[in-house]
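Chain by chain, the residues run as shown.
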Amino acid sequence: MTANILDKIDLRQLGERLQQARKKCGMTQADAAQIINAARTTIVAIEKGERRLKPNELIKLARAYGQAVSNFVRQSPIIEPFEVQFRAAYRRSETEEAQINPAILRLEELCQNYLELEKIMDAPLPRNYPQEYDVTNMPIEVAAESIAIAERQRLGLGDSPIPILRDVLEQSVGLRIFYLEMPSKYSGLYSYDEQLGGCIAINAKHPEERRRWSLAHEYLHFLAHRRKPVLDYENQYQRKPDTERLADSFPDHFLMPTSGLLKRFNDMYQTHGKFTPTNLFTLAHYYGVSIEALGNRLESIKLIPSGTVERLRDRGLKVRKVQQELELEEIPQRTDMLPIHYQYLAIEAFDQGLITEGRFADFLGVDRLETRRIAEILRQHSSGMMEEIAHLDLRQG
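Thresholds, definitions, all that
- Residues numbered from 1 in each chain as written.
- Predicted model: local features only at pLDDT ≥ 70, side-chain atom pairs only at ≥ 80, totals over all residues.
- Heavy atoms only, no water.
- UniProt positions renumbered as here; feature names shortened; annotations may be inferred.
- Buried < 20%, exposed > 50% of the residue type's maximum accessible area, 1.4 Å probe, protein only.
- Helix = DSSP H or I, 4+ residues; strand = E, 2+ residues; numbered from the N terminus.
- Pairing = 2+ DSSP bridges.
- Axes fitted to C-alpha atoms, helices over the stretch in contact; angles between N-to-C directions.
- Phe/Tyr/Trp six-rings, centres within 6.5 Å; stacked < 30°, edge-to-face > 60°.
- Parallel < 35°, antiparallel > 145°, perpendicular 65-115°, else oblique.
- Left-handed = near helix turned anticlockwise from the far one by under 90°.
- Contact = heavy atoms within 4.5 Å.
- Nonpolar A, V, L, I, M, F, W, Y, C, P; charged D, E, K, R; others polar.
- pLDDT = per-residue confidence, 0-100.

The name given to the protein chain in an unreviewed UniProt entry is Transcriptional regulator, with the source organism recorded as Planktothrix serta PCC 8927. Under the UniProt heading Sequence similarities (unreviewed entry), the note attached to the protein chain is "Belongs to the short-chain fatty acyl-CoA assimilation regulator (ScfR) family."

Trainee: How should I be thinking about helix α14 (residues 277–287) in this particular structure?
Mentor: Given 3.6 residues per turn, any residue in an α-helix points the same way as the ones three and four places further on. The set of residues buried in α14 consists of Asn 279, Leu 280, Phe 281, Leu 283, Ala 284 and Tyr 287. Positive backbone phi, approximately 70°, marks Gly 288, located one or two places after α14.

Trainee: Explanation requested: the sheet that holds strand β3 (residues 197–203) in the structure shown.
Mentor: Sheet strands associate in pairs through backbone hydrogen bonding, adopting either a parallel or an antiparallel arrangement. Across the sheet, 4 strands lie side by side as β1-β3-β2-β4; this open sheet has mixed pairing. A strand with exactly one partner marks an edge of an open sheet, and here the two such strands are β1 (176–180) and β4 (230–233). Put simply, the sheet's adjacent strands are angled 15° from each other on average, direction ignored. With 6 bridges joining them, strand β2 (residues 186–193) and β3 adopt antiparallel strand pairing. In the sheet register, Tyr 190 faces β3, and the bridge partner there is Ile 200.

Trainee: I keep staring at the packing of aromatic side chains and nothing clicks. Help me out?
Mentor: For any pair of aromatic rings, the description consists of the separation of the ring centres together with the inter-plane angle of the planes. Inspection of every chain in the model, using the stated rule, returns 13 aromatic pairs. Pairing Tyr 129 with Phe 222 gives two aromatic rings, centres 4.8 Å apart and planes at 75°, and the pair type is edge-to-face. With Tyr 129 in the loop between α8 (94–121) and α9 (140–154) and Phe 222 in helix α11 (residues 208–224), this residue pair connects regions lying 93 residues apart in the sequence. As far as the burial class goes, Tyr 129 and Phe 222 line up, both buried.

Trainee: For this particular structure, what's the right way to read helix α15 (residues 291–300)?
Mentor: A large share of α15 lies buried, amounting to 7 of its 10 residues. Taken together, the buried positions of α15 are Ile 291, Ala 293, Leu 294, Gly 295, Arg 297, Leu 298 and Glu 299. Within two residues after α15, Lys 302 carries a phi angle of roughly 65°, on the positive side.

Trainee: Please clarify how the packing of α11 against helix α12 (residues 242–255) should be interpreted in this entry.
Mentor: Relative placement of two packed helices is described by the angle separating their axes and the distance separating the axes. Running from N to C, α11 and α12 cross one another at 120°; their axes reach a closest spacing of 8 Å. It follows from the interaxial angle that α11 and α12 lie oblique. Here α11 runs over α12; the crossing is right-handed. Only Thr 243, Glu 244, Leu 246, Ala 247, Asp 248, Phe 250, Pro 251, Asp 252, Phe 254 and Leu 255 of α12 make contact with α11, whose side of the interface consists of Arg 212, Trp 213, Ala 216, His 217, Tyr 219, Leu 220, His 221, Leu 223 and Ala 224. By residue class, the composition of the contact of α11 with α12 is 12 nonpolar, 3 polar and 4 charged.

Trainee: Help me out: how do you make sense of the confidence of the model for the protein chain in this one?
Mentor: When pLDDT is averaged across the protein chain, the result is 84; 87% of the residues are at 70 or more. Confidence over residues 385–397 falls short of pLDDT 50; this stretch has 2 contacts with residues more than four positions distant or in other chains.

Trainee: Hey, could you run me through the pairing of β3 in this one?
Mentor: Of all 7 residues that make up β3, 7 are buried, and the element is covered over most of its length. The pairing of β1 with β3 spans 5 bridges and is classified as parallel. Residue pairing in the sheet places Ile 177 in a bridge with Ile 200 of β3.

Structure, rendered in structure tokens:
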């Protein structure tokens, strides 16, 4: 069976996949040559697509690279590895690289899987991309607010909170957004590829308020620094470059637009004759941001005295305790690590017999038992949505 597949496969595409897999696991061409008991020039020819691979050689190389044979012979697009882009953009210590490399490689794999599912189902992700914003010679705050206003108008968001930020950026813009587990100091990854488009990973370990801020931060990189891969983590700069200062400022204006914030602040002030700590907590909850983020935003537009949040903390203020006393429910943590559209593409491909159960499990990153449980949940949700659409059509008729 493998021999028949190898007779038909595009040798150049197979060679590129083998080269990417070899580089990912840190092997040289000489190392790979030893695995199949051949000269290094043989590996060079294989990776260039100039020499046909024997079935037993492919099996040996796949095992050495920690990959399934099917990863090399299935029909899926060849994408430039994210790791190559990040290596070019960053100089990290070996310790830092070991910490974050799994997340970079996982994001790369998931985005490639996403594109493969789109091709299998002939359902490309719609791209509603704006032109890259030019902020040359613009003051940071002015540029951040200008882009935030333009994007809110473009996406029809008005000046209200965005409770479903991830869904808006996935479905209305067409970004590929995944929540991945990373060391706590990392907040997000961003990369761009002509085939894949904008790809973002957000730290799944962080609370939802911080995830939303990180997502808006990475979105700015897509809007203004599209082709520059970014890895964001705490204390990475001695002096922040303008690109990062802009990305830090953008979430304030995008998540808490000045016009809406002023109206709601004034409403609260008029009701109570002052702006109280209770108002601060209520307004932060309304916008789905942290107390610090809202406090800093209000301080920056001179609505509350500088250092207000710090003074509250110095007095022993416990944020979660106050939220409970005010009966402000904790902002729900998004549990779906994978985009909803991605999951539905996978279940549709599986139910139509276009992928195997094993490949379906690979797409979701779970074992077979968990795969069946998730498949049933997705089928139920999909059925429920179809019924709702049918009822809508009847009402419209």
